[in-house]
Each structure stands twice: as structure tokens, then as C-alpha cells.
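# Close look at the chain arrangement
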Amino acid sequence: MDSIFEHMERYDHEHVFICQDRSLNFKAIIAIHDTTLGPATGGCRMWRYENEMAAIEDALRLSRGMSYKYAAAGVNLGGGKAVIIDDPRRKDREPIFRLLGRFINRLGGKYITGEDVGTTLKDMEYIRMETEHVVTLPTYLGGAGDIAPMTAFGVIRAMMACCNRIYGSDDIDGKTVAVQGLGAVGHNIVEQLHELGARLVVTDIDREKVEAVVSKYDVQRAAPEAIYDVNSDIFCPCALGGIINDETLNRLQCRIICGSANNQLKKERHGQLLEDKGLLYAPDYIANAGGTIYDTDRLGTGAVNHERGREKVSRIYENLKRVFEIADRDNIPTFQAADRMAEERIRKVAEVKKYADG
Ligand code: NAD
């Protein structure tokens, strides 16, 4: 990225805030993409970036992703993201996260933060000491706690919509699902799919995680590299991004790709190539929105309500069906249809908001 303004103009970002404190060796960026639907919301990432521009670019890219995620999920929040430029293993965390909380508080609710790569629920507790504008919190502080089970539930609702399109029924019973990654989301997916009667083939680079799952459920294991070659109905990526690429595309032996991993398509053209091969792709940010839908449900109402949150997550099924309708209507791949669905919602709500209160 050469120019911040050029990048902001291209994707129509609203604000970038750059924060520093010399004595605490603190450097952070808060990017706000679009607040048409509501306050900009999105987690705080802590990462060692190659340089400042890489950090700003990441904050801009991720904040835009959040606008699309909330818009497509029917949630009334805008897109934002914070990044702290630092080693995610940094030890003295309290002053760093309290200071970020102070900066967030200055924005008066225009930006709401949460957990992301390199940050933990404990870090969110520090932020909460300085501002109320933080959503991901442990249950004892009024938050939803661990959201991975709801992310997993949302992915399974997306799988049902995919099965309906390919096989004419939502039924997961008897379907073979190849699960890549048995971390927070993956192991919950295995647990829930097992209850639904799916046949499971699992993998992880962490052997202990594989052993834990294999010893608990009646599942087959595959070597990490072999997961792309498994003959399955559904390939469920729950580990890394970029796994749909030139190398893996010709190996996949499934009908459906539906998982929690972010940025599954290495390049956009891989979304088109999947379509050309006749594979159904559930766009990642539609399928993996469950955790954040559940987590943010309490905003505006103040309290976590499990039934209401779960019901909202379950609507991922209908959201994905709408994506398929748009794909058919406009004759475009599903990943483009998801973007179009999000953009249409933001545009229509902006129309509504033109009318000021009487
Ligand atoms: P996690 O770190 O708990 O689990 C990831 C797992 O993938 C780990 O067990 C790791 O060993 C394994 N892994 C890494 N490389 C692998 C490889 N090459 N082959 C097989 N396994 C490999 O992360 P998570 O919270 O379960 O998230 C999984 C994915 O879903 C990530 O891409 C994350 O960004 C995305 N996501 C998570 C949530 C959530 O609620 N946690 C929400 C939305 C999206």
C-alpha cells in the first residue's frame, strides 16, 4: 500500500486513528470502515507487522471485512478493527490494553472492540477497566464467554443450506465431512456433527488434538496434507486461510466447501474456479459469523440471552440461501453474491437513514 488516502478512497473508509505512547512503547491503529448500520465493531489484533504501512493496511482490510460480515448477517453494526503493533506474546499486558481502552473511550462509542488474533479474554478485561465499548467478555463481566460453540453451530446451519441446494435436503445424517483443524471451532463442529450422524474424517497438525477427538468420537483420521484428497460430501476448513488455491483445487474430492476459517480463497479467482468445477462454496464470512452474531446480540439490550442469540445464529441458514438466490439471479459465484448482498443492505439502509427524525 503506497497511500493511505488512496486505499481509504478505494474502499470508502471513514476514519483511521493512529495512537501512540512513547513510555509504554505502544503503537496502535483503529480503522473504521462504515457506520451506516451502526457503531463500527470488530476485534483487536496484536501482531508484529513488517512495517507501519502493513499494519494500517491490515486494519483497513479487516475493518472492511467486518462491515460486510455484519451487513450480510443482518446485524445493525458497522465495520471496525484495531491493531496493536507488538509481539502477541508481550508480557506486561495490563497497561497496553488499558491504554487502548482509553483511546477507544475517546471515540465515544463509534468503535466497539473485541478479541482477535493475538489477544485474549483477559486483555478484554483490561480494556473494560477503561471503557464500556468492548463486546467480547467473560460471562462474569456480562459477556457471552467462549463463542466458538456458536461459530460451530453457525457453520453447521450453513452446511445444511448447502446440503439442501446440492442434495435437496438439509439432512447431515450419513454425510461424510472432512474437518481440517480441531481447535476451538473445529472440535465443536466435530462434536455437533457427530450428534447429527455425520461420518467424520479429521486432521490437525497438533497430534494431541487429533488423539483427543479420535478417542472420544467414532471418527477417522487423515494426515494433515491428505485432507484435501479425502472423498467427502463436505470439506470443512477450520484452520488456516488461503487453503483453496491452485494446488488444492484439483485435489478436492467434495461437493461442498463450508467451514469456519477466514479468507479461505487464496485469490478471488479461486472462487470462480470452484464454481467452474461445480463445487458449492459457502462464503467464509457468511458461514463463520455465528460467534460474532451471538456475541454482539447483547449490545443495545445489555444482557446475554442464549435463546435469542442462538435463534439469530440459526438464521445463517436463510442468509446463505439468500446468497444462493443472488448468485442465481445475477449469474455470479457465491463469494461475489455474498458481497453483493452486504452492499445492497448497506445501500438500502443508507436510503432509509436519509430521512431525519421529525
Ligand atoms: P484455533 O487456533 O483454536 O484452531 C486452529 C487449529 O488448526 C489448531 O488446532 C491448529 O493446530 C490447526 N492447524 C493449523 N494449521 C493446520 C494445518 N495445516 N492442518 C491442520 N490443522 C492445522 O482457532 P479457531 O478459533 O478454532 O479458529 C479456526 C479458524 O476459524 C480460524 O481461521 C479463525 O480465524 C476462524 N474463525 C474462528 C472463530 C471463533 O469463534 N473462534 C470465528 C470466526 C472465524
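Everything numeric here is computed off the predicted structure, so don't read it as measured data.

### Observations regarding the site of the ligand
As a structural note, the neighbourhood of the ligand is formed by 20 residues, with T151, V185, D204, K209 and S260 the closest of them. T151 is positioned such that a nitrogen or oxygen atom in its side chain is 2.7 Å from an oxygen atom of the ligand. With respect to the ligand, the side chain of K209 contributes an N or O atom lying 2.9 Å from an oxygen atom. Contributions of two or more residues to the shell around the ligand are made by α5 (148–167) and α6 (184–195).

### Things to note about helix α13 (residues 316–330)
Turn by turn, an α-helix covers 3.6 residues, leaving residues three or four places apart pointing in a common direction. The terminal C-alpha atoms of α13 lie 21 Å apart, and with 15 residues this matches the ideal 21 Å at 1.5 Å per residue to within 8%. Listed as buried for α13 are I316, Y317, N319, L320, V323, F324, I326 and A327. Within two residues after α13, N331 carries a phi angle of roughly 55°, on the positive side.

### Describing the nonpolar core
Among the nonpolar cores identified, the biggest contains 65 residues, and M159, V177, V179, V190, L193, C258 and L320 are the most heavily contacted of them. No other element matches the 12 residues that α5 contributes to this core. Not counting residues within four places of it along the chain, the set of residues in contact with V179 comprises G186, V190, L200, V201, V202, T203, I227, C236 and C238.

### Structural notes on the packing of aromatic side chains
Evaluated as defined, the whole model comprises three aromatic pairs. Considering the side-chain rings of F26 and F103, the 5.9 Å spacing of their centres and the 10° angle between planes classify their relative orientation as stacked. Linking F26 in strand β2 (residues 26–34) with F103 in helix α3 (residues 93–106), this pair joins segments that are 77 residues apart in sequence. Residue F26 is classed as buried on the basis of its relative accessible area, which comes to 1%. You can call F103 buried: its relative accessible area is 17%. With 6.5 Å between their ring centres and 80° between their planes, Y68 and Y285 make a pair best called edge-to-face.

### Regarding the packing of α3 against helix α4 (residues 121–128)
Between α3 and α4, the least distance of the axes is 7 Å, while the angle of their chain directions is 50°. When the axis of α3 is compared with that of α4, the two are oblique. Once α3 is placed against α4, the crossing between them reads as right-handed. Of α4, the residues touching α3 (which contributes R93, E94, F97, R98, L100, G101 and I104) are D123, Y126 and I127. Here the residues of the contact of α3 with α4 are counted per class, giving five nonpolar, one polar and four charged.

### Observations regarding the sheet that holds strand β9 (residues 220–221)
In spatial order, the strands read β9-β8-β7-β10-β11-β12; together these six strands make up an open sheet with parallel pairing. Looking at which strands have only one partner, the edges of the open sheet turn out to be β9 and β12 (280–281).

Conventions and cut-offs
Residues numbered from 1 in each chain as written. Predicted model: local features only at pLDDT ≥ 70, side-chain atom pairs only at ≥ 80, totals over all residues. Heavy atoms only, no water. Near = heavy atom within 4 Å. Polar contact = N/O pair within 3.5 Å; in protein donor to acceptor, adjacent residues only side chain to side chain. Helix = DSSP H or I, 4+ residues; strand = E, 2+ residues; numbered from the N terminus. Expected span 1.5 Å × (residues − 1). Buried < 20%, exposed > 50% of the residue type's maximum accessible area, 1.4 Å probe, protein only. Core = buried A, V, L, I, M, F, W, Y, C linked by side-chain atoms within 4.5 Å. Contact = heavy atoms within 4.5 Å. Phe/Tyr/Trp six-rings, centres within 6.5 Å; stacked < 30°, edge-to-face > 60°. Axes fitted to C-alpha atoms, helices over the stretch in contact; angles between N-to-C directions. Parallel < 35°, antiparallel > 145°, perpendicular 65-115°, else oblique. Left-handed = near helix turned anticlockwise from the far one by under 90°. Nonpolar A, V, L, I, M, F, W, Y, C, P; charged D, E, K, R; others polar. Pairing = 2+ DSSP bridges.

So, to be careful, I would describe these as geometric facts and stop short of saying anything about function.
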